Amino acid sequence: MKRYMLILFMVLVVSVSGCTSEDAGSENQTKTFTGNNVSFEYPSDWVTANSLANDTVAAVGDPSSVDSSGLAQVSVVIQSKDLKGNLYDMYRANYEAFFTNSSYRRVSETNTTIGSYQAIENLYIITDSGIQKKQRAIWIENNGRVYVILCTAPADKFDAESRNFDLIVRTLRFL
């Protein structure tokens, strides 16, 4: 009888630990987007999206963040444009216009490396209709094109989404 109880106890321990491991693993599940000369992983509970932004090559978002107008408040949009001049001049021209508008406030700006690519990263806050959003824009040059990875979330939720944004940025590949 004791042996039977010991075996039953061991089966229960294995069952419980198996469930715990499976739950922990589900947090790390991803999907892969491949198209328009880019590939990246994104959280499995996110979906591909249609972006209203010009020159969009890919867009994914968290469906649980969709607002009453049908737009995901937590999203990543990747845009691509022909390189005109050099990356730094295009970047500067873009943000000169942004930051003359009082709705945009720069938080930080830095040179960085994404994979083997040199990049420029800009973090800023946008106030639109009284709502603050934080955006992280990463500019990368590849094969005569400029790619901008735009990570967006409500300002008070941005830090909590950083892990998801980092996943996409870290796994970005050019095809």
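Further up the page is the structure itself.
The structure displayed is predicted, hence computed values, not measured ones.

Draft legend 1. A look at the pairing of strand β8 (residues 131–142). Where strand β7 (residues 117–128) and β8 come together, 10 bridges link them in antiparallel fashion. When the bridges of β8 are listed, E121 appears paired with I138. Counted along the chain from β7 to the antiparallel partner β8, the turn is 2 residues long, and its residue S129 has a positive phi close to 55°. Taken together, the 10 bridges between β8 and strand β9 (residues 145–154) define a ladder with antiparallel strand orientation.

Draft legend 2. Layout of the sheet that holds strand β3 (residues 47–48). One open sheet holds the 7 strands; their spatial order is β3-β4-β5-β9-β8-β7-β6, and the pairing between them is antiparallel. Each having just a single partner strand, β3 and β6 (104–114) make up the two edges of the open sheet.

Draft legend 3. Structural detail: the layout of surface pockets. Taken as a whole, the largest pocket encloses approximately 900 Å³ of empty space. Taken together, 36 residues line the largest pocket, and the ones lying closest to its centre are A53, V77, Q135, L150 and T152. Breaking the lining of the largest pocket down by element, the ones donating at least two residues are β4 (56–61), β5 (75–82), α2 (87–98), β7, β8 and β9. Taken together, the residues of the lining of the largest pocket break down into 20 nonpolar, 12 polar and 4 charged.

Draft legend 4. Just the sheet that holds strand β10 (residues 173–174), in detail. With antiparallel pairing, 3 strands are arranged side by side in an open sheet as β1-β2-β10. Each end of this open sheet is capped by a strand with a single partner; those strands are β1 (30–35) and β10. Relative to strand β2 (residues 38–43), β1 runs antiparallel, the two being bridged by 6 bridges. Paired with T32 across the bridge in β2 is E41.

Draft legend 5. View of the pattern of salt bridges. Across all of its chains, the model carries 5 salt bridges by this definition. Notably, a salt bridge pairs R92 with D89, separated by 2.9 Å at the nearest N-O pair. Of this pair, R92 and D89 both sit in helix α2, separated by 3 residues, roughly a single helical turn. Classification of R92 by relative accessible area gives partly exposed; the value is 44%. For D89, a relative accessible area of 40% gives the class partly exposed. When the shortest N-O distance is used, the salt bridge between D166 and R136 registers 2.7 Å. Here D166 is found in helix α3 (residues 158–171), whereas its partner R136 is found in strand β8, with 30 residues between them in sequence. On the accessibility criterion, D166 (33% relative accessible area) is partly exposed. For R136, a relative accessible area of 12% gives the class buried.

Draft legend 6. Spatial organisation of the pairing of β7. Summarising the sheet, β6 and β7 pair through 10 bridges and their orientation is antiparallel. What sits directly across from T110, in β7, is E121. In this structure, the hairpin formed by β6 and β7 is closed by a connection of 2 residues, where G115 is found at a positive phi of approximately 65°.

Definitions and cut-offs
- Residues numbered from 1 in each chain as written.
- Predicted model: local features only at pLDDT ≥ 70, side-chain atom pairs only at ≥ 80, totals over all residues.
- Heavy atoms only, no water.
- Pairing = 2+ DSSP bridges.
- Helix = DSSP H or I, 4+ residues; strand = E, 2+ residues; numbered from the N terminus.
- 1 Å grid on protein atoms, 1.4 Å probe; cavity = no way out; pocket = protein on both sides within 12 Å on 5 of 7 lines; lining within 4 Å.
- Points joined across faces, edges and corners; volume = space filled by probe spheres on them.
- Nonpolar A, V, L, I, M, F, W, Y, C, P; charged D, E, K, R; others polar.
- Salt bridge = Lys/Arg side-chain N within 4 Å of Asp/Glu carboxyl O.
- Buried < 20%, exposed > 50% of the residue type's maximum accessible area, 1.4 Å probe, protein only.

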